[in-house]
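Given next are the chains, with one letter for each unit.
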Amino acid sequence: MVESSNWTHLHAQLHRTLLKRQILPSNQRLLVAVSGGQDSLCTLKLLRDLQPKWGWNLAIAHCDHCWRSDSQSNANHVENLAKNFGISYYLQTASDIPKTEAAARQWRYQALTEVAIAHNYPYIVTGHTASDRAETLLYNLIRGSGADGLSALTWTRPLADFRLGDSEENHNSQISADLRSHNLDTTPKSKIENPKSKIYLVRPLLEITRSQTGQFCQEQKLPIWEDSTNQDLQYARNRIRSQLLPYLETHFNPKAQQALAQTAELLRADVEYLEIAASELLQRAISPITDNPQLQIQLPVKLNRPILQTAPLSLQRRAMRQVLLQILPCAPSFDSVEKLTSLILAPNRSQTDPFPGGAIARVENSWIAIDI
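In what follows, the accompanying structure is described. The shown structure was predicted, so the numbers you read here are calculated from the model rather than taken from an experiment. (Residues numbered from 1 in each chain as written. Predicted model: local features only at pLDDT ≥ 70, side-chain atom pairs only at ≥ 80, totals over all residues. Heavy atoms only, no water.)

### Quick word on the environment of Gln298
Relative to the helices and strands, Gln298 is located in the loop between β8 (286-287) and β9 (301-304). Judged by its relative accessible area of 65%, Gln298 falls in the exposed class. Linking Gln298 and Gln326, residues 28 residues apart in sequence, is a C-alpha distance of 7.5 Å. (Helix = DSSP H or I, 4+ residues; strand = E, 2+ residues; numbered from the N terminus. Buried < 20%, exposed > 50% of the residue type's maximum accessible area, 1.4 Å probe, protein only.)

Spelled out as structure tokens, the structure:
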């Protein structure tokens, strides 16, 4: 155990979480996404304090969406933090201002991934908390999501594959990378052993609430940058954060955030199991039969109805969704999944109207045939 005069309950909790889940291996290069807010500052300080125990090489990445008039000052604030911590700093600035929250999130992950690939950081760490997990569950529940959406914030997930020696520039990117800052990283660039590796997104604070990160920052005297957009109630997530969750805590359960985050964790385990079972069902049902768990589905495709009919409805839906994920130009809607699933029991010669992209599915005796 790391001994420190500043060793707190959160240090111990994170240390135990990392030992249990093995999501941030020791002696790895970690790129910490820091907005300047309390959650990212708490994450950075905890990792910095645990660094002697785990042997990490830490760096900071900051993404400037250019949404606010003070965004440059915010970036300078984070750069000064990096200097004070004595670690490398990378700034990514949006050349085209994102129009929506979803566009900003997509750009942010793209920007972080580009820095990670360019400078060989196999792990990107964000400060998502149990509070974020609770908000995501509520947000997706209101939108009519299934278990996948309700458990969307996972501890870790791959963001990209890359090979060592890839160009540091992505010519298709809409991002301008400003690396004017000090770069204290003197480690040789090739610290990733495999010639082909994955970039992993890791969220180590999913059992810690936002109130805990705020208290930690106050106790540690960390300079929080207050983002004014977090108070803007035109954003649904802000309304959930500032209005719905406090209402639930006041009138239903004072630990609503922890309870909802726990529900997301339970659902995540169920989703992972069901996805594997659905993939195995699909491997048996698709023609030609394959033993490759990483199915590469291309049109035309045929699915064996008698095999699919033996499975529970939950697995049928998931298997059909896995098919549509690969053949449609966009994520399949609930209606699209239901249309395809209904053909498992439909009369011969039944068919769907066109899916997005033009594909049509039809019943041909014991088969569902999908083609354009």
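### So, the sheet that holds strand β11 (residues 367-371)
Pairing is antiparallel across the open sheet formed by 4 strands, whose spatial order is β8-β9-β11-β10. One side of each edge strand has no neighbouring strand; the edge strands of this open sheet are β8 and β10 (360-364). Of the pairings in the sheet, the one linking β8 to β9 comprises 2 bridges and is antiparallel in character. When the sheet's bridge partners are listed, Ser287 is paired in β9 with Lys302. (Pairing = 2+ DSSP bridges.)

### Observations regarding the packing of helix α9 (residues 256-285) against helix α11 (residues 313-327)
Axis separation between α9 and α11 bottoms out at 8 Å; the angle between their running directions is 75°. The orientation of α9 relative to α11 falls into the category roughly perpendicular. Between α9, through Val271, Leu274, Glu275, Ala277, Ala278, Ser279, Leu281 and Leu282, and α11, the contact on the second element is made entirely by Ser314, Leu315, Gln316, Arg318, Ala319, Gln322 and Val323. In the contact of α9 with α11, the residues fall into 9 nonpolar, 4 polar and 2 charged. (Axes fitted to C-alpha atoms, helices over the stretch in contact; angles between N-to-C directions. Parallel < 35°, antiparallel > 145°, perpendicular 65-115°, else oblique. Contact = heavy atoms within 4.5 Å. Nonpolar A, V, L, I, M, F, W, Y, C, P; charged D, E, K, R; others polar.)

### Description of helix α5 (residues 130-142)
Taking 1.5 Å as the rise per residue, α5 with 13 residues should run 18 Å; its terminal C-alpha atoms sit 18 Å apart, in good agreement. Where burial is concerned, most of α5 is hidden: 10 out of the 13 residues are buried. All of the buried residues along α5 are Ala130, Ser131, Asp132, Arg133, Ala134, Glu135, Thr136, Leu137, Leu138 and Asn140. Those residues of α5 that are buried are in contact with α2 (38-54), α6 (147-150), α7 (210-219), α8 (236-251) and α9. One side-chain oxygen of the residue at the start of α5 lies 3.2 Å from the amide nitrogen of Ser131, identifying that residue as Thr129. Residue Gly144 follows α5 closely and has a positive phi angle near 90°. (Expected span 1.5 Å × (residues − 1). Polar contact = N/O pair within 3.5 Å; in protein donor to acceptor, adjacent residues only side chain to side chain.)

### A look at the packing of aromatic side chains
On inspection of all chains with the given rule, the structure shows 4 aromatic pairs. Seen in terms of ring centroids, Trp54 and Trp56 are 5.4 Å apart; in terms of plane orientation they differ by 10°. Their pairing is stacked. By the burial criterion, Trp54 is buried, and Trp56 matches it. Aromatic pair Tyr123 and Tyr200: ring centres 6.0 Å apart, planes at 25°, arrangement stacked. With Tyr123 in strand β4 (residues 123-125) and Tyr200 in strand β7 (residues 196-202), this pair connects stretches of sequence that are 77 residues apart. Positioned over the ring face of Tyr109 is Arg157, at 5.4 Å from the centre of the ring. (Phe/Tyr/Trp six-rings, centres within 6.5 Å; stacked < 30°, edge-to-face > 60°. Lys NZ or Arg CZ within 6 Å of the ring centre and 35° of its normal.)

### Section: the nonpolar core
The biggest cluster of nonpolar side chains holds 36 residues, and the ones touching the most others in it are Leu18, Leu24, Leu47, Trp56 and Ile60. Those elements that provide at least two residues to this core are α1 (9-21), β1 (29-33), α2, β2 (57-64), α3 (71-85), β3 (88-94), β4 and α7. In terms of residue count, α2 provides more of this core than any other element does, 7 residues in total. Those residues in contact with Ile60 that sit more than four places away from it in its chain are Leu31, Val32, Val34, Leu44, Val78, Ala82, Ile87, Ser88, Tyr89 and Tyr90. Residues Ala277, Met320, Ala359 and Ala361 belong to the second largest nonpolar core, which totals 29 residues. (Core = buried A, V, L, I, M, F, W, Y, C linked by side-chain atoms within 4.5 Å.)

### With respect to the pairing of β9
Side chains on a regular strand alternate between the two faces of the sheet. Pairing of β9 with β11 involves 4 bridges; the strand directions are antiparallel. By the bridge assignment for β11, Asn304 is matched with Trp367.

### Describing the packing of α5 against α9
One can describe the packing of α5 onto α9 by two numbers: an axis separation of 8 Å at closest approach and a directional angle of 75°. The angle between α5 and α9 places the two elements in the roughly perpendicular class. Every residue of α9 that contacts α5 at Ala130, Ser131, Arg133, Ala134, Leu137 and Leu138 is listed here: Gln257, Leu260, Ala261, Thr263, Ala264, Glu265 and Arg268. Along the lines of polarity and charge, the residues of the contact of α5 with α9 split into 7 nonpolar, 3 polar and 3 charged.

On their own, these measurements won't tell you what the molecule is for.
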